[in-house]
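For reference, the chains in residue letters:
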Amino acid sequence: MLIMNEKIKASEVRLTGVDGEELGIVSRDEALALARELKADLVCTSLLSSPPPCKLTPRGTAKQTAAKEKQQERKAAQPPKVKEIRLTPHIEDHDYETKRRQAEKLLASGDAVQFVVKIQGKEGQKAKELLEQLLKDLAEVGRKATGIQLSGKQAAVQVTPVR
């Protein structure tokens with residue numbers, strides 16, 4: 001939570017200037033007057049010490065920084081999305097490269113990728129080899145989260161981004 005300007009209740013604060021210079025312990029009113037004079041915000045950095053340390057920041061930047069941090073925390077808290085990429089065992093080289101590049105982009109953006117190979121008849125071994133080749137090619141940006149699963153009409157493997 002951001003405590004700034006008039007919301008600071010302490011009678012005295014340990015003040016740091018806009019350029020990081022120490023201004024010592026001053027009264028809250030004096031610090032607020034200096035902030036108004038410099039067209040800056042007075043931001044409290046910690047409530048754990050007495051007098052609380054406060055710093056002068058250019059007007060608006062403290063709120064902007066706090067909003068950015070909050071947004072990044074929210075993004076980090078979300079579970080990664082799993083995107084599915086479908087293939088066939090008899091894929092052409094160009095199509096394979098396109099799917100590999102698409103998977104690299106998704107993994108780089110933080111999403112997990114589920115590769116699904118549709119199989120018919122006795123294509124299971126070829127599908128497994130295709131998925132193993134994909135895992136080898138994507139080793140730098142992703143690692144497998146599940147083993148290669150062969151079941152009836154499809155072979156699948158999930159790849160998560162390397163962090």
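Provided above is the structure to which this section pertains.
Definitions and limits used
Residues numbered from 1 in each chain as written. Predicted model: local features only at pLDDT ≥ 70, side-chain atom pairs only at ≥ 80, totals over all residues. Heavy atoms only, no water. Pairing = 2+ DSSP bridges. Helix = DSSP H or I, 4+ residues; strand = E, 2+ residues; numbered from the N terminus. Salt bridge = Lys/Arg side-chain N within 4 Å of Asp/Glu carboxyl O. Buried < 20%, exposed > 50% of the residue type's maximum accessible area, 1.4 Å probe, protein only. Contact = heavy atoms within 4.5 Å. Axes fitted to C-alpha atoms, helices over the stretch in contact; angles between N-to-C directions. Core = buried A, V, L, I, M, F, W, Y, C linked by side-chain atoms within 4.5 Å. Expected span 1.5 Å × (residues − 1). Arc of directions from axis to C-beta.

Where strand S2 (residues 12–16) meets strand S3 (residues 22–27), 5 bridges bridge the pair, whose relative direction is antiparallel. Paired with Glu 12 across the two strands is Ser 27, which belongs to S3. Here S2 folds back onto S3, and the loop between the two strands holds 5 residues, one of which, Gly 20, carries a positive phi near 90°. By the bridge criterion, 3 bridges tie S2 to strand S5 (residues 53–58) in an arrangement that is parallel.

What follows covers the pattern of salt bridges. Applying the stated criterion to the full structure yields 5 salt bridges. A salt bridge links Arg 36 to Glu 6; the nearest nitrogen and oxygen atoms lie 3.3 Å apart. Here Glu 6 lies in the loop between strand S1 (3–4) and S2 and Arg 36 lies in helix H1 (residues 28–37), a separation of 30 residues in the sequence. Since its relative accessible area comes to 51%, Arg 36 is described here as exposed. We classify Glu 6 as partly exposed; its relative accessible area is 43%. Glu 104 is the salt-bridge partner of Arg 100, the closest N and O atoms lying 2.6 Å from each other. Pair noted here: Arg 100 and Glu 104 are both in helix H3 (residues 93–108), with a separation of 4 residues, about one helical turn.

On to the sheet that holds strand S4 (residues 40–44), then. If you walk across this open sheet you meet the 5 strands as S1-S4-S5-S2-S3, and the pairing is mixed. Among the strands making up the open sheet, the edge pair consists of S1 and S3. Relative to the sheet, H1 contacts S2, S3, S4 and S5, its axis offset from that of S3 by approximately 125°.

As a further point, take the nonpolar core. Among the nonpolar cores identified, the biggest contains 19 residues, and Ile 85, Leu 87, Val 113, Phe 115, Val 117, Leu 131 and Leu 134 are the most heavily contacted of them. Where this core is concerned, the elements lending two or more residues are strand S6 (82–87), H3, strand S7 (112–118), helix H4 (124–137) and strand S10 (154–161). Here this core gets 5 residues from one element, more than from any other, and that element is H4. Among residues more than four places away in sequence, those in contact with Val 117 are Leu 87, Thr 88, Pro 89, Ala 127, Leu 130, Leu 131, Lys 153, Gln 154 and Ala 155. With 12 residues, the next largest nonpolar core counts Leu 15, Val 26, Ala 31 and Ala 35 among its residues.

Take H4 next. Taking 1.5 Å of rise per residue, 14 residues should cover 20 Å, and H4 covers 20 Å from first to last C-alpha, within 8% of that figure. If you check which residues of H4 are buried, you get Gly 124, Ala 127, Leu 130, Leu 131, Leu 134 and Leu 135. In a view along the axis of H4, the buried residues occupy a sector of 140°, so they form one face of it. For H4, the exposed residues set more than 90 degrees away from the buried face come down to Gln 125 and Lys 136. Residues of H4 that are buried in the fold lie against S6, H3, S7, strand S8 (142–144), strand S9 (149–151) and S10.

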